[in-house]
Amino acid sequence: MASAGASAIAPTPLLKDELDIVIPTIRNLDFLEMWRPFFQPYHLIIVQDGDPSKVIKVPEGFDYELYNRNDINRILGPKASCISFKDSACRCFGYMVSKKKYIYTIDDDCFVAKDPSGKSINALEQHIKNLLCPSTPHFFNTLYDPYREGADFVRGYPFSLREGAKTAVSHGLWLNIPDYDAPTQLVKPRERNTRYVDMVLTIPKGTLFPMCGMNLAFDRELIGPAMYFGLMGDGQPIGRYDDMWAGWCVKVICDHLGLGVKTGLPYIWHSKASNPFVNLKKEYKGIFWQEEIIPFFQSAVLPKECTSVQQCYLELSKQVKEKLSKVDPYFDKLADAMVTWIDAWDELNAEGASAKLSNGKA
């Protein structure tokens, strides 16, 4: 039996010095109190959207940096045009300025969920487990994640594929308010997700998925430059497609580079439904554009010469300009922003670039 002294020593949190938590917000971050047991050991990057003169309060005891629009403009200069304003897509600035290997991003209306036994779910810990464990994009295992305790590869699974692929993305889910589009919200205003499914699976190669940014983790070194949440919100004809755009680009690039994407656990508790009428105004172009965007991504092929995420992303931007600009001139602008994003990413992540980042708010 362990002594009282030994049991009082908390284990070192997983990847404590290798992971940043990125939070986009327009309000005080009181929700962090609930997450304190899980998040306090980690460094936070807070991206303040909206009015930069508004003071955002962060609970005591958290290690954080806070960037507002003035900081983004100062750090990126003319390239700041690629970072969305008045939209949660601004969060991808946090991915760009991070110096860590892993990123976890969460919305400020996401609370700690409980599993069926009533135990609080450490979402971050489960994301880390997902990222540190291989994926199986090339052959589906009917027992889902074969690397989990109590599971394995089923009979007939090729031994040559059992090593798996590196996991680039861990996509978590939500209890309570589902992540629905505005028409579905309007039809099912009272619907709540109460079903907890104890499952993690790899999304197969060649299959796209709707990526939600409210409970998402990824390996920044493997896929970071592709995690661009597009041009959304203020001054743009579309909103609420930021994470979708990133997810489509990321999945095409992961498939090309032989990387895996997992979805399922962990769950968070999504606390409030956004206004469906406001959402419809933001989404309505995307709802019919996606009928052409998705076939574009389904048929996108990247040349074998593209061996880095940046090369893949720049090639995708060319194809967006060539094939989607006929859908709407917005896609010309978006393709240019994709190039600007990569330029800014490379500039900010070059050696010796960290001096520009100091904002005095940590």
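Residues numbered from 1 in each chain as written. Predicted model: local features only at pLDDT ≥ 70, side-chain atom pairs only at ≥ 80, totals over all residues. Heavy atoms only, no water.

Caption draft 1: Geometry of the UniProt feature "site: Required for activity" (unreviewed entry) in the protein. UniProt records the feature "site: Required for activity" (unreviewed entry) at R155 and R162, using the numbering of this structure. Tracing the sequence through the fold places R155 in the loop between α5 (123–132) and β6 (167–176). In this fold, R162 is placed in the loop between α5 and β6. (UniProt positions renumbered as here; feature names shortened; annotations may be inferred. Helix = DSSP H or I, 4+ residues; strand = E, 2+ residues; numbered from the N terminus.)

Caption draft 2: Layout of the packing of helix α8 (residues 242–257) against helix α10 (residues 309–323). Look at α8 against α10: their axes get within 10 Å of each other, and the N-to-C directions meet at 125 degrees. Looking at the two axes, α8 sits oblique to α10. Between α8 and α10 lies a crossing of right-handed hand. Between α8 and α10, the residues in contact are W245, C249, I253, H256 and L257 and V309, C312, Y313, L316 and V320, respectively. Tallied by class, residues from the contact of α8 with α10 come to nine nonpolar, one polar and no charged. (Axes fitted to C-alpha atoms, helices over the stretch in contact; angles between N-to-C directions. Parallel < 35°, antiparallel > 145°, perpendicular 65-115°, else oblique. Left-handed = near helix turned anticlockwise from the far one by under 90°. Contact = heavy atoms within 4.5 Å. Nonpolar A, V, L, I, M, F, W, Y, C, P; charged D, E, K, R; others polar.)

Caption draft 3: The arrangement of the pattern of salt bridges in detail. The tally for this structure, following the rule as stated, stands at 17 salt bridges. In this structure, the salt-bridge partner of D17 is K16, at a minimum N-O distance of 3.3 Å. Under the relative-accessibility criterion, D17 is labelled exposed at 59%. Overall, K16 belongs to the partly exposed group, its relative accessible area being 34%. (Salt bridge = Lys/Arg side-chain N within 4 Å of Asp/Glu carboxyl O. Buried < 20%, exposed > 50% of the residue type's maximum accessible area, 1.4 Å probe, protein only.)

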